[in-house]
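# Structural characterization, general
Residues per chain are reported as follows:
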Amino acid sequence: MDGDRVEIDGGIMEGGGQILRVSTALSCLLGLPLRVRRIRAGRSQPGLRPQHLCGLEVIRDLCDGKLNGGEIGSTEITFTPGKIKGGTHIADTKTAGSVCLLMQVAMPCVLFAASPSELHLKGGTNAEMAPQIDYTVMVFKPVVEKFNFTFNCDIKRRGYYPQGGGEVVVHMSPVKELNPINLTERGTVTKIYGRAFVAGALPIKLAKDMSAAAVRCIRREIRDLYINIQPVREPDDQAVGTGSGIIIVAETSTGCLLAGSSLGKRGKNADKVGIEAAEMLLQNLKHGGTVDDSLQDQLIIFMALAKGVSRVKTGPITLHTQTAIHFAEQLTKAKFTVTKSEDEDPSNDTYIIECQGMGMINPNL
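Each chain has its residues counted from 1, following the order in which its sequence is written. Totals for whole chains, interfaces and linings use all residues, but because this is a predicted model, local features are given only for residues with pLDDT of at least 70 and pairs of side-chain atoms are given and counted only at 80 or more. In computing side-chain properties, one takes all heavy atoms of the structure into account and sets aside hydrogens as well as water.

Residues are said to line a cavity or pocket when one of their atoms sits within 4 Å of a point; the points come from a 1 Å grid over protein atoms alone, cavities being sets where a 1.4 Å probe fits but cannot get out and pockets being open sets with protein on both sides within 12 Å along at least five of seven lines. Grid points are joined across faces, edges and corners, and a volume is the space filled by probe spheres set on the points. In this structure, the largest pocket spans a volume of roughly 1,300 Å³. Residue lining of the largest pocket: 41 residues in total, with Leu101, Ala127, Glu128, Met129 and Ala130 positioned closest to the centre. Those elements that provide at least two residues to the lining of the largest pocket are α1 (17-30), α2 (50-62), α3 (99-111), β14 (257-263), α6 (270-286) and α7 (293-296). It is β14 that contributes the most residues to the lining of the largest pocket, 5 residues altogether. Under the DSSP-based scheme used, a helix requires at least four consecutive residues in state H or I and a strand at least two consecutive residues in state E, with every element numbered from the N terminus.

Below is the structure:
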């Protein structure tokens, strides 16, 4: 069997956990045995961290697969997938590792399961270096559902760095196949909204300060639009630990959603958190694409699996996106092309990602 394993170099391109997520999800879906070497080779702490291991264990459990090398610090794993099954699955990073990254690895797989799935994902809901759960619900969910599936994400408890302790329950039903998407018309921004939150020991005033600073920053560029960023204090029984942050979403006339977000941390001024998120949003609006920098790479695996041609207009292609495309092409029969967009406005740095999807069919339905 070993001769037929797909060999993945986990140290190239973006060189992080994303390579594991994309390649193991596709291995599970396509029934391809996999070996990943040099996992996170260039990172300050190479090898598997608790969060990556947890993601691998989820995939293993979803399909009754076999995982070798699944230890913290391991730089090589082999994975042999079995048959994807629905039902209830629990994944706990035991740290503030992101529940959203667990969702990223599991979601494509359970779409092609034999029956509905319920995923109990535990860890950090608002973590650095990962999408916040609010982003997943407010931006990722409505856009990714254009591929012809729906999911329900119930935030039971929020958890923050360093202890985590959050829990999200995701309900999904399988589909026969995914439709391609066409997101090439940005339209005009029609509304801007969001939430600035504090939890634990932090006063609501911080949330108000983040919100006010963000609004002032956006106002300098966008004057005539109502901006509604709600300051919120998370209820104590629904949040573990102390945390703060903000997410701001811009919605356009064609239904595009682009966002900016930032997390508070000790010693970081609340105004700075608000301004960071606002500047990220403005940056994402400036390039003229239909998706923001955080969503770009998350759509690649679904484009690869869909039946037909998907087209998405984006800003500059991120390294995460290049990496996702590289491994999606290596493992599936999907073909991607990235071309500079012939834009009306030559100052726009926009690209069209086009994908002829492989047309994955759910064998169980």
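In this fold, Asp224 is placed in the loop between α5 (204-219) and β11 (227-233). Here the alpha-carbon distance between Asp224 and Lys122, two residues 102 residues apart in the chain, equals 41 Å.

For the rest of this paragraph, the subject is the UniProt feature "active site" (unreviewed entry) in the protein chain. Here, the residues flagged by UniProt with the feature "active site" (unreviewed entry) are His320. In this structure, His320 sits in helix α9 (residues 319-331). Working definition: with a 1.4 Å probe on protein chains only, accessible area under 20% of the residue-type maximum means buried, over 50% means exposed, and in between means partly exposed. Looking at His320, the relative accessible area reads 33%, which means it is partly exposed. By definition in these notes, contact holds between two residues if any of their heavy atoms fall within 4.5 Å. Excluding residues that lie within four positions of it along the chain, His320 makes contacts with Glu14, Gln18 and Asp297. A distance of 3.3 Å separates polar atoms of two side chains, one belonging to His320 and the other to Glu14. UniProt positions are given in the numbering used here, feature names are shortened, and annotations may be inferred rather than shown by experiment. Distance and chemistry together define a polar contact, namely a pair of N or O atoms within 3.5 Å, with one atom able to donate a hydrogen and the other to accept it when in protein, and with adjacent residues in sequence counting only for side-chain atoms on both sides.

Now for the packing of aromatic side chains. Stacked, tilted and edge-to-face pairs are distinguished by plane angle, under 30 degrees for stacked and over 60 for edge-to-face with tilted covering the rest, among Phe, Tyr and Trp rings (Trp via its six-membered ring) whose centres lie within 6.5 Å. The tally for this structure, following the rule as stated, stands at 6 aromatic pairs. For the ring pair Phe147 and Phe302, a centre distance of 5.6 Å and an interplane angle of 35° mean the geometry is tilted. Of this pair, Phe147 sits in the loop between α4 (133-144) and β7 (151-159) while Phe302 sits in helix α8 (residues 300-305), and the two are 155 residues apart along the sequence. For the pair formed by Phe147 and Phe302, the shared burial category is buried. An aromatic cluster is built from Phe140, Phe147, Phe149, Phe151 and Phe302, whose rings are joined through pairwise contacts.

This part covers unusual backbone geometry. The linkage connecting Tyr161 with the following residue, Pro162, adopts the cis geometry, with an omega of 5°. The phi angle at Arg40 is positive, at roughly 50°, despite the residue not being glycine. One can find Arg40 in the loop between β2 (34-37) and α2. The phi dihedral of Asn148 is positive, around 90°, even though this residue is not glycine.

Turning to the UniProt feature "domain: RNA 3'-terminal phosphate cyclase" (unreviewed entry) in the protein chain, a few remarks are in order. Look at the UniProt record and you will see "domain: RNA 3'-terminal phosphate cyclase" (unreviewed entry) annotated at residues 13-338. The distance from the first to the last C-alpha atom of residues 13-338 is 17 Å, and the span holds 33% helix and 27% strand.

Here, expected helix span is obtained from the residue count minus one, scaled by 1.5 Å. In a regular helix each residue adds 1.5 Å, so 17 residues correspond to 24 Å; α6 covers 25 Å between its end C-alpha atoms and thus fits that length. For α6, every residue scored as buried is listed here: Ala270, Val273, Gly274, Ala277, Ala278, Leu281, Leu282, Asn284 and Leu285. Projected onto a plane normal to the axis of α6, the buried residues spread over an arc of 165° and lie on a single side. Buried residues along α6 sit in contact with β10 (189-199), α5, β13 (243-252), β14 and α7. For α6, the N-terminal capping position is held by Asn269, with its side-chain oxygen 2.6 Å away from the main-chain nitrogen of Asp271. Backbone geometry just downstream of α6 places Gly288 in the positive-phi region, at approximately 85°. Directions pointing from the helix axis toward each C-beta atom define the arc.

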